[in-house]
Amino acid sequence: MKIARLTAGVGIVAVGALTLAGCGNPYESEVVEGTEITVAYNSGFFHFNDDSGAGNNTANGNVKYMTDTSFGYYNNTPEWVNNTDFGSYEQTSEDPLTVEYTITADAVWSDGVAIDEADMLLQWAAMSGNVTDAFAPAATTGYNLVTTTPETGDKSITLVYDEPYVDWELVGPLGVSAHGTYALAFPDEYADVQSAYDEGDMDAYQEAAATFAEDAKQKVVDAITSGDEEVLAALGEAWNTGYGYTTLPESPAAALTSGAYIIDDIVEDQYITVAANPLYTWGPSPKFEKITIRTIADATTALQALESGELDIWTGQPTSDILELANEIATADVQTAVQASHEHVDLTVNNGGPFDPATYDGDEATALAVRTAFLKTIPRQEIVDKIIAPLQADAEVRNTHLVSPSDPERYPLLSDTNGSADYADVDIEGAKALLADAGIEGTVEVGFWYPEGNVRRGQEYELIASSAALAGFELVDQSEPDWLFTDPASVPVNNHDAVIFAWSQTSLAVGGSDQIYACYEDPLAKGGNYNGYCNEEVTDLLNQLNVTADYDEQTALLEQTEAAIWADSVSIPIFQFPGLLVSSDKVTGVESMPLSPDYFWNFWEWAPAEDSE
C-alpha cells in the first residue's frame, strides 16, 4: 500500500496533543473518522506546482491550497490573515526594505522531513529569476527585486529588496519542497526512500527520507549559493515539469505536502482525493477525513449529482438555466456574489498569425489595424445581455484590464480615459474600413481557443464568431480541454490566434500585472503573457507600479498603462464573473469568496451537518 494513502485514528483521527511552537494551547485534531465530502470544479487537477508557468491554473491552486502551508491567507471579507500557527514575518528595515521570515512551528513535510530554510531558499531561487533561467515561474513579481542571495538561519530567511516592493507582505517564500525537487532531479539518489515507500513501511520510509533530505537539502543550498549550473538546470527541469501528473505519481517526492491534507488518489479527468495529513499540527484542524474534487465541466450534470446526493459543493460558470435549476433543489443552499475574476479575449502577436506584424513583413501598423478591427467585432454587450444579465441583473461590460469594477475611484477614472469607449458598441463598418485601409483582402482566418466542454464559453464563441464574420473574419474552432498553450516548456509560442479565458484575482495587490503584460525574452520567463505582447513603455510603467507606495502616483501609473494596453489592441475585457455556489444540507461552513481559491478558502471549517450523521 502506498504510504501517501495511509490515514490514522479512531473516532476523532488523533495525531496527538502536540504543543505548537510559540503557542501555549495543544493541537487537537478535529478530523472525524470515516467522513468524506465530494465537491466539484469545472476543470481537473494536472500539476502540483502551481507556482510554475505550466501549473498556474485555478484547478491546481485549489488542491495546493488544501495541501500547502503559507505565512498567511485571505478570508472572504477579503482581508489578509497572518498564519501565526505556522510562522511569522517582520519588516526589519525600510531602507533597504528587509523582511525576515521564521517558521516557528515544528512543521514537517508529509514524509516527516522538517520544513526549513532550504525550502524557502529554493522558492526564492525559482521565483526570482536571479539565480538561473532554468526555472519557469508563473510570475517573478516581487521576488525579482531581491537580487542578493538571501541570508538563511535555522528555519528562517531574510529577503532584502533592491527597491521597496509595494506588495511585499504577499510574498510567501514557501512552495514545493527542496528535497523533493532534488529527488525528482536525481532519482537514483532517492532509491532507498523509493524502496521503503513502495514497501509501505511508514517508519522505514520516514527514516530513509530524513537521511536523504539532510544531504539533498544541502546540495540544493550549495547549488543556489555557488551558481552550480549543472545542478540548477536539473532542479529547474524537475521544478517545471516533474510535478505535472494526472494520476498518482510513482515517486512520493512529487506529492510532498506541507498542509492539512495529502494526496490520496487521482483518476485522470475524473477526480482527485485528498486525505487528512496525520502529521499536521500547525494550523486549524479540518473536520473531514477525505475530500474528493470531481471534474465536472457540465453544470447541469453537477447539479443533478448534487440533488441525488453524490455531490456536496459545486461552483462553476453558470447560465440562467443553471441558476434556475440550482434554486429548484430543495436540499441545496444557493449563494450568489460577484467574483474577482474577469472574462477577456487575448490576441497572439508572435505566432505568425493574422495579429502578428511578422505576417505583414514586420509592418506593425497593418497588424495593429487587423487586431483593432477584430476587437471591434466582439459583441461584448450582447454577451453580457444574453449570458450574464440573466444571472446578475445589474451586470455590465467590464472596461479595464488592471483594476476591478469594485474599485469605486480608479475604475471609473480608468474607464473614462483608457480608450475603451472606442469598443463600447460593435462596429462592423469601422472594422471593414480598417481592414480595407490596411490593404487586407479576402477572409481573415482566426484560430480561436476556448476550453472544450465549457458551455458558457462555447456560447460566447458562437456569438463572437457570428459577429466577426460580418467584417470578414472566419473563426476556426480550436477548443481543447487541456490549456496546452499555458505551458511554456511544451508550447513556447501560443499556437492559437485568439484565446478566451478568465484571470482569477488571488489577492488585493496593487502590482503584479507585469506577470501578464510585461515583455520577456525567454519563453520560460513569460509568466501569464501567453500572447507574446511587448510594449517597453508598458513594462516600464508596471515595474514602476510595483515599487510605488503613494496612492495618487499609483493611480497615474495605472491610468497611463491602461491607455497604452488599449492602444495596442492586444486584449479586451468582457465581464466580471457572476458567482454561483451551491452546497448540500449535509455540510456546514461553506461560504463564498470573491478571490481565488474561491469556496476552498475555509475548507477546514467545512463540517458534517449534525442531522446528516
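Provided above is the structure to which this section pertains.
This structure is a prediction, so every number in the text was calculated from the model and none was measured.

1. Details of the overall build of the chain
- When you go through the chain residue by residue, the secondary structure sums to 16 helices and 20 strands.
- Computed over the C-alpha atoms, the radius of gyration of the chain is 24 Å, within 12% of the 25 Å expected from 2.2 N^0.38 for a compact globule of 613 residues.
- The burial tally for the chain puts 57% of its 613 residues in the buried class.
- Working note: accessible area of the chain is about 23700 Å², and carbon and sulfur atoms make up 46% of it.
- For the chain, the separation between the mean place of its 20 positive charges and that of its 102 negative charges on side chains is 5 Å.

2. Notes on a negative patch on the surface
- A grouping of Glu268, Asp269, Glu452, Glu462, Asp477 and Asp482 is seen on the molecular surface, where their side chains present a negatively charged patch.
- Here Asp269 lies in the loop between strand S10 (261-267) and strand S11 (271-276).

3. Section: the side chain of Thr372
- Mapped onto the elements of the fold, Thr372 is located in helix H9 (residues 364-377).
- Sequence-distant contacts of Thr372, defined by excluding residues within four places in its chain, comprise Tyr423, Leu434 and Ser569.

4. Quick word on the environment of Ala126
- Assignment of secondary structure puts Ala126 in helix H2 (residues 117-128).
- Classification of Ala126 by relative accessible area gives buried; the value is 1%.
- In sequence terms Ala126 and Ala302 are 176 residues apart; their C-alpha atoms lie 38 Å from each other.
- Excluding its chain neighbours within four sequence positions, the residues that come into contact with Ala126 are Phe135, Pro137 and Trp239.

5. Describing the sheet that holds strand S17 (residues 498-504)
- Read across the sheet, 10 strands follow the order S10-S11-S12-S3-S13-S18-S14-S17-S15-S16 without closing on themselves; strand pairing throughout is mixed. Lying at the two open borders of the sheet, with one neighbouring strand each, are S10 and strand S16 (473-477). Averaged over neighbouring strand pairs, the angle between their axes works out to 25 degrees when direction is ignored.
- Both strand S3 (residues 32-41) and strand S13 (residues 313-315) contribute to a ladder of two bridges, which runs parallel. By the bridge assignment, Ala40 is partnered in S13 with Trp314.

6. Re the pattern of salt bridges
- Considering all chains together, one arrives at 13 salt bridges under this definition.
- Lys219 is the partner of Glu189 in a salt bridge, and the nearest nitrogen-oxygen pair spans 3.0 Å. Of the two residues, Glu189 sits in the loop between helix H3 (178-185) and helix H4 (191-199) while Lys219 sits in helix H5 (residues 202-226), which places them 30 residues apart along the sequence.
- Overall, Lys219 belongs to the partly exposed group, its relative accessible area being 29%.
- The closest approach of N and O atoms between Glu382 and Lys386, which form a salt bridge, is 2.7 Å.

7. Quick word on unusual backbone geometry
- Here Thr77 and Pro78 are connected by a cis peptide whose omega angle stands at 0 degrees.
- Relative to the elements of secondary structure, Pro78 occurs in the loop between strand S4 (72-74) and strand S5 (80-82).
- In this structure, Pro597 follows Ser596 across a cis peptide bond, with omega equal to 25 degrees.
- Tracing the backbone shows Pro597 in the loop between strand S19 (587-588) and strand S20 (607-608).

8. Describing the state of the cysteines
- For the coordinates displayed, the defined rule picks out one disulfide.
- Between the sulfur of Cys519 and that of Cys534 lies a disulfide, 2.0 Å long from S to S. Linking Cys519 and Cys534, the disulfide has an S-S dihedral of approximately 95 degrees and is accordingly described as right-handed. Here Cys519 is found in the loop between helix H14 (514-517) and helix H15 (536-546), whereas its partner Cys534 is found in the loop between H14 and H15, with 15 residues between them in sequence.

9. Details of the packing of H2 against H3
- In the contact formed by H2 and H3, the axes pass within 8 Å of each other and the chain directions differ by 65 degrees. Judged by the inter-axis angle, H2 sits roughly perpendicular to H3. Here H2 contributes Ala118, Asp119 and Leu122 to the contact with H3, which in turn contributes Ala178, His179 and Thr181.

10. Thoughts on the environment of Ser341
- Position of Ser341 among the secondary structure elements: in strand S14 (residues 332-347).
- When the C-alpha positions of Ser341 and Ser251 are compared, they lie 35 Å apart, and in sequence the two are 90 residues distant.

11. Quick look at H4
- Every buried residue belonging to H4 is among Val193, Gln194, Ala196 and Tyr197, and all of these are buried. Angular distribution of buried residues about the axis of H4 spans 165 degrees; they occupy a single face of the element. Looking at H4, the residues exposed on the side facing more than 90 degrees away from the buried face are Asp192 and Glu199.
- For H4, the elements touching its buried residues are H5.
- One or two positions beyond H4, positive phi appears at Gly200, with a value near 75 degrees.

12. Here's the deal with the sheet that holds strand S7 (residues 97-103)
- Sheet architecture is open: four strands sit in the order S6-S7-S9-S8, paired in antiparallel fashion. In the strand order of this sheet, the two ends are held by strand S6 (87-94) and strand S8 (151-153), each with one partner. Strand-to-strand twist across the sheet, computed as the mean angle between neighbouring axes with direction ignored, equals 15 degrees.
- Across the sheet, H2 is in contact with S7, S8 and strand S9 (156-160); its angle to S9 comes to roughly 30 degrees.

13. Overview of helix H8 (residues 320-327)
- If you check which residues of H8 are buried, you get Ile322, Leu323 and Ala326. Buried residues along H8 cover an arc of 100 degrees about the axis, so they all sit on one side.
- Elements in contact with the buried residues of H8: helix H7 (299-307), S13, S14 and strand S18 (571-584).

14. Brief notes about the pairing of strand S12 (residues 288-295)
- Direction of pairing for S3 relative to S12: parallel, over a ladder of seven bridges. Bridge assignment links Glu36 to a residue of S12, and that residue is Lys290.
- Note that S11 and S12 share five bridges and pair antiparallel. By the bridge assignment for S12, Val274 is matched with Ile291.

15. Side note on the pairing of S18
- By the criterion of burial, S18 is predominantly enclosed, with 14 of the 14 residues buried.
- As paired elements, S13 and S18 share three bridges and run antiparallel to each other. The residue of S18 that forms the bridge with Thr315 is Leu581.
- Here S14 pairs with S18 via 12 bridges, running antiparallel.

Thresholds, definitions, all that
- Residues numbered from 1 in each chain as written.
- Predicted model: local features only at pLDDT ≥ 70, side-chain atom pairs only at ≥ 80, totals over all residues.
- Heavy atoms only, no water.
- Helix = DSSP H or I, 4+ residues; strand = E, 2+ residues; numbered from the N terminus.
- Rg over C-alpha atoms; globule rule 2.2 N^0.38 Å.
- Buried < 20%, exposed > 50% of the residue type's maximum accessible area, 1.4 Å probe, protein only.
- Areas by Shrake-Rupley, 256 points an atom, 1.4 Å probe, with all protein chains shown as cover.
- Lys, Arg positive; Asp, Glu negative; His and termini not counted.
- Charge placed at Lys NZ, Arg CZ, Asp CG, Glu CD.
- Patch = residues over 30% accessible without salt bridge, like charges linked within 9 Å, V, L, I, M, F, W, Y side chains within 5 Å.
- Salt bridge = Lys/Arg side-chain N within 4 Å of Asp/Glu carboxyl O.
- Contact = heavy atoms within 4.5 Å.
- Pairing = 2+ DSSP bridges.
- Axes fitted to C-alpha atoms, helices over the stretch in contact; angles between N-to-C directions.
- Disulfide = S-S within 2.5 Å.
- Parallel < 35°, antiparallel > 145°, perpendicular 65-115°, else oblique.
- Arc of directions from axis to C-beta.

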